[in-house]
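Listed here are the chains, written in short residue letters.
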Amino acid sequence: MAVPSQDALAKVYGADAERASERLRALAARYEEAFGAGDPEYFTASGRTEIIGNHTDHNGGKILAASITMDSIAAAERTDDGVVTIWSEGYPEAIVVDTAAIDEVPRGGGSTALVAGMLEAAVERGFRVGGFNAVASSEVIPSAGVSSSASFEMLVCEIVNHLYNDDAIDRADYARIGQHAENVWWGKASGLMDQMACAVGGTILLDFSHGVSYERVDFGFDELGCDLVIVNTGKGHADLSAEYSSVPNEMHAVAEALGVKNLCDTSEDAVLAHVAELRERCGDRAVLRALHYFEEVGRVEEAERAIAAGEKGRVLDLITASGRSSWEWLQNAVVPGMPEEQPIPLALALTELYLRRIGAGACRLHGGGFAGVIMCVLPKAETAGYVDYISGYFGRESVYLTNIRQTGAACLGRA
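Residues numbered from 1 in each chain as written. Predicted model: local features only at pLDDT ≥ 70, side-chain atom pairs only at ≥ 80, totals over all residues. Heavy atoms only, no water.

A.B. asks: Could you clarify how one ought to interpret unusual backbone geometry in this entry?
C.D. replies: Negative phi is the rule for most residues except glycine; trans is the rule for most peptide bonds. At His55, a residue that is not glycine, the phi angle is positive and equals roughly 55°. Within the fold, His55 resides in the loop between β1 (41-52) and β2 (62-78). Although it is not a glycine, Asp166 sits at a positive phi angle of roughly 55°. Turning to its location among the elements, Asp166 is positioned in the loop between α4 (148-164) and α5 (171-186). The exposure class assigned to Asp166 is exposed, which follows from its relative accessible area of 63%. (Helix = DSSP H or I, 4+ residues; strand = E, 2+ residues; numbered from the N terminus. Buried < 20%, exposed > 50% of the residue type's maximum accessible area, 1.4 Å probe, protein only.)

What follows is the structure, encoded as structure tokens:
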């Protein structure tokens, strides 16, 4: 089967259009092997980078985030039987969900439950669903903080939107559909940031104080002459649900003690005015995490002002400050009770030594934390040197050169 033209792919992939074409051709071959000859359309959804705003979304905060060049892709074709069948590369069995029997899918985790949860949420939000055959592949690092699950979710949303809803579903609804699947069908207390950043494309300013709103922001690392490097520290996220849930839970506990639902409904001054009683009721770490929230939202707002004023280089300083706060105040760099395992602090320390030597760049813990990846922003002239340097500690296969991509979730079309 043929795939979309180089010109069509260049609109999304730029100089990487040829490599994208090769990936799609391999996908087309797998589609034909799984379902026989057909005429599928091709879809993409990016991974994401969180620039500033670590763990603020679940308490009504603000985040500066962006889609990245790592993406998930699919070939999909509508069917008339109402059954969704997805073969995902690297998995031995297909995801199969009958849209007429969604309630029969067991909850509790796994890709089948995730897809069932998304289909349920789409119907509950008034959208149409139906059967389709698909094969999928992803370059988004799994269990590592660049949102492989959200990328897959937004890929499925894009397929459902295009095949059954005439491309009418808003990206904010994509995010809510993915969140419902994670919260209700996986039992994972996730927010909306991952999904929004994967779906929208480019750099976005997210505000969660009244539901979710977003606006595109004119910012990219390329225009600063920089590359974005992601370093996988080798420890995955899969078994850390309790650690992730502790962050919103403790922030909500502080908010509740102050008589509100979310921290966005109170202020840093209110926390400072009640530190003694908050320590007694919620614990020291919860107070520190609440203070991180307010300072982090302030950094996002400062970055917004700097971008608007044309002082985009200031964002790199704020990235560094954000990372420091995550490490020291939010305390999501190390798994409690496991002092012998500190891959995130080690990767950050080694990177800080390198950046100090070259006198440029920024780094921070990336994503949910506790394990996974760090991000490093480097002048392009220094990228190769840093990759060689950090590969010596974590292996070349753990270092990924990426950047901000202007397209989030999209239909790439047919041949």
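Text resumes after the structure shown.
A.B. asks: Explain helix α11 (residues 314-330) here, please?
C.D. replies: Two residues of an α-helix separated by three or four positions point the same way, owing to the 3.6 residues in each turn. The terminal C-alpha atoms of α11, which comprises 17 residues, lie 22 Å apart, in line with the 24 Å expected from a rise of 1.5 Å per residue. Listing the buried residues of α11 in full gives Val315, Leu316, Leu318, Ile319, Ser322, Gly323, Ser325, Ser326 and Leu330. Buried residues along α11 sit against β1, β8 (226-232), α7 (241-257), α10 (284-308), β9 (362-365) and β10 (373-379). Positioned one or two residues after α11, Gln331 has a phi angle of 60°, which is positive. (Expected span 1.5 Å × (residues − 1). Contact = heavy atoms within 4.5 Å.)

A.B. asks: Would you mind going over the sheet that holds β8 with me for this structure?
C.D. replies: Two orientations exist for strands paired in a sheet by backbone hydrogen bonds: parallel and antiparallel. The strand order β9-β10-β8-β11 describes an open sheet built from four strands, whose pairing is antiparallel. Either end of the sheet is taken by a strand with one partner, and the two such strands are β9 and β11 (399-402). Between one strand and the next, the sheet's axes are offset by a mean angle of 20°, whatever the strand orientation. In this fold helix α12 (residues 343-358) packs onto β9 and β10, with an angle of close to 10° to the strand it touches most, β10. Against the sheet, helix α13 (residues 380-394) makes contact with β8, β10 and β11, and its axis sits at roughly 150° relative to β10, the strand it touches most. (Pairing = 2+ DSSP bridges. Axes fitted to C-alpha atoms, helices over the stretch in contact; angles between N-to-C directions.)

A.B. asks: Would you mind showing me how to read the UniProt feature "domain: Galactokinase N-terminal" (unreviewed entry) in the protein chain here?
C.D. replies: As annotated in UniProt, the feature "domain: Galactokinase N-terminal" (unreviewed entry) corresponds to residues 30-77 in the numbering used here. This span, residues 30-77, is 12% helix and 58% strand, and a straight line between its end C-alpha atoms measures 13 Å. (UniProt positions renumbered as here; feature names shortened; annotations may be inferred.)

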